Amino acid sequence: MRAVFEISFESMRKWITATLILAAAVVAQQTHKEYEPPNAAGAGQKLLAQFAGDWDVLKTFFPANGKPIVTKGTCKQHMVQDGKFLESEFTFVNPDGTKSTGTGISGFDSKTNRFTTVWYDSRQTTMSIRQSDGAFDGKNIVLWATPLDPDRPGRKTVTRAHLEEDGRLLLYRHFAIDDKGQERMIIELRITRK
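Residues numbered from 1 in each chain as written. Predicted model: local features only at pLDDT ≥ 70, side-chain atom pairs only at ≥ 80, totals over all residues. Heavy atoms only, no water.

Participant: I tried to follow the overall build of the protein on my own but got confused; where do I start?
Facilitator: Within the protein one finds 2 helices and 10 strands. For the protein, with 194 residues in total, the buried portion stands at 26%. As presented, the protein carries roughly 13400 Å² of accessible surface, and 57% of it is formed by carbon and sulfur atoms. (Helix = DSSP H or I, 4+ residues; strand = E, 2+ residues; numbered from the N terminus. Buried < 20%, exposed > 50% of the residue type's maximum accessible area, 1.4 Å probe, protein only. Areas by Shrake-Rupley, 256 points an atom, 1.4 Å probe, with all protein chains shown as cover.)

Participant: For this particular structure, what's the right way to read a nonpolar patch on the surface?
Facilitator: Together, Y120, M127 and L148 make up a nonpolar patch on the protein surface, roughly 320 Å² of accessible area in all. Mapped onto the secondary structure, L148 falls in the loop between strand 7 (141-145) and strand 8 (156-164). (Patch = residues over 30% accessible without salt bridge, like charges linked within 9 Å, V, L, I, M, F, W, Y side chains within 5 Å. Salt bridge = Lys/Arg side-chain N within 4 Å of Asp/Glu carboxyl O.)

Participant: What should I look at first to understand unusual backbone geometry in this one?
Facilitator: One can expect most non-glycine residues to show negative phi and most peptide bonds to be in trans. Within the chain, Q81 stands out as a residue other than glycine whose phi angle is a positive 55°. Tracing the backbone shows Q81 in the loop between strand 2 (69-80) and strand 3 (85-93). Looking at Q81, the relative accessible area reads 58%, which means it is exposed.

Participant: Explain the sheet that holds strand 8 here, please?
Facilitator: Adjacent strands of a sheet pair through backbone hydrogen bonds, lying either parallel or antiparallel. With antiparallel pairing, the 10 strands of this closed barrel are ordered in space as 1-2-3-4-5-6-7-8-9-10. Across this sheet, the average inter-strand angle for adjacent strands is 25°, counted without regard to direction. (Pairing = 2+ DSSP bridges. Axes fitted to C-alpha atoms, helices over the stretch in contact; angles between N-to-C directions.)

Participant: Explanation requested: the side chain of Q45 in the structure shown.
Facilitator: Along the polypeptide, Q45 turns up in helix 2 (residues 43-49). Here Q45 falls in the buried class, since its relative accessible area comes to 6%. Among all residues touching Q45, those that are not within four sequence positions of it are M79, G83, K84 and F108. (Contact = heavy atoms within 4.5 Å.)

Participant: Can you walk me through the pattern of salt bridges in this structure?
Facilitator: For the coordinates displayed, the defined rule picks out 5 salt bridges. Residue D54 pairs with K76 through a salt bridge whose shortest N-O separation is 3.5 Å. A residue pair is termed long-range when its members are at least 10 positions apart, and D54 in strand 1 (residues 53-61) and K76 in strand 2 qualify at 22 residues. Here D121 and R123 are joined by a salt bridge, their closest N and O atoms 3.2 Å apart. Given a relative accessible area of 11%, D121 falls into the buried group.

Participant: Explain the pairing of strand 8 to me, please; I cannot follow it from the model alone.
Facilitator: Put simply, side chains in a regular strand alternate between the two faces of the sheet. The pairing of strand 7 with strand 8 spans 4 bridges and is classified as antiparallel. Each residue of the ladder has a partner; that of W144, found in strand 8, is V158. Here 9 bridges tie strand 8 to strand 9 (residues 169-177), and the two strands are oriented antiparallel to one another. Among the inter-strand pairings, T157 is bridged to a residue of strand 9, identified as A176. Where strand 8 hands over to strand 9, the hairpin turn is made up of 4 residues, of which E165 adopts a positive phi near 50°.

Participant: Quick question: what am I supposed to make of the nonpolar core here?
Facilitator: By size, the foremost hydrophobic cluster in this structure holds 19 residues, and its most contacted members are F51, V57, F90, F115, I141, L170 and I191. Only helix 2, strand 1, strand 3, strand 7, strand 8 and strand 10 (183-193) provide two or more residues apiece to this core. The element best represented in this core is strand 3, accounting for 3 residues. (Core = buried A, V, L, I, M, F, W, Y, C linked by side-chain atoms within 4.5 Å.)

Participant: Whenever I open this one, the pairing of strand 4 (residues 99-109) confuses me. Can you help?
Facilitator: Two strands pair when backbone bridges link them, and strand 3 and strand 4 are joined in this way by 9 bridges, in the antiparallel orientation. The partner of F92 across the bridge, within strand 4, is S100. Hairpin connection, strand 3 to strand 4: the antiparallel pair is bridged by 5 residues, and G97 has positive phi, about 95°. Sheet topology places strand 4 next to strand 5 (residues 114-121); 8 bridges connect them, and they run antiparallel. Residue pairing in the sheet places G107 in a bridge with T116 of strand 5. The turn linking strand 4 back onto strand 5 is made up of 4 residues, and N113 within it adopts a positive phi angle of 65°.

Participant: Would you take a moment to explain the side chain of T103 for this structure?
Facilitator: Tracing the sequence through the fold places T103 in strand 4. A residue is classified by how much of its surface remains accessible, and T103, at 9% relative accessible area, is buried. Among the polar contacts listed, one links the side chain of T103 to the side chain of E89, at a separation of 3.0 Å. Those residues in contact with T103 that sit more than four places away from it in its chain are S88, E89, V118, W119 and Y120. (Polar contact = N/O pair within 3.5 Å; in protein donor to acceptor, adjacent residues only side chain to side chain.)

Below is the structure:
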């Protein structure tokens, strides 16, 4: 009789433990939903979705001195995470025949009216983060460099992107900003839909 009681007691202890773990998981999910309520895609995602597709890329780098350097490439862009983010995969063929690649993730927070992008590429081990200032007109994306290290903010830069030619051309321009607030174009990407 005692063995039956011990088995029953052990089974009951396991059942109670499992029930408490399950209850804790349910409460944790509810707490997470309350902490970070899900939201739907907004106006920024509608613009980003127009960037989806296969593209040819013409990149022009404008050095401080000397002639511009032109590089050709391709880009595949698609919406991910239920249409909330744009993922961009670039491949460039450099003038010397070597290739480089880059990946961008772009999102829009409808609560703050801000775009945020993250960029990383095969050329370097750093990442670039850019964010808009909250002024979105429905057509133009303006992103300011956001330093990852506040003690070393790096260069002041701004990028501007918009569609032209009924959505067949995505024009992306990257500007350096000097101490006087003057902008100088560093990179232009002319991204043409295939």
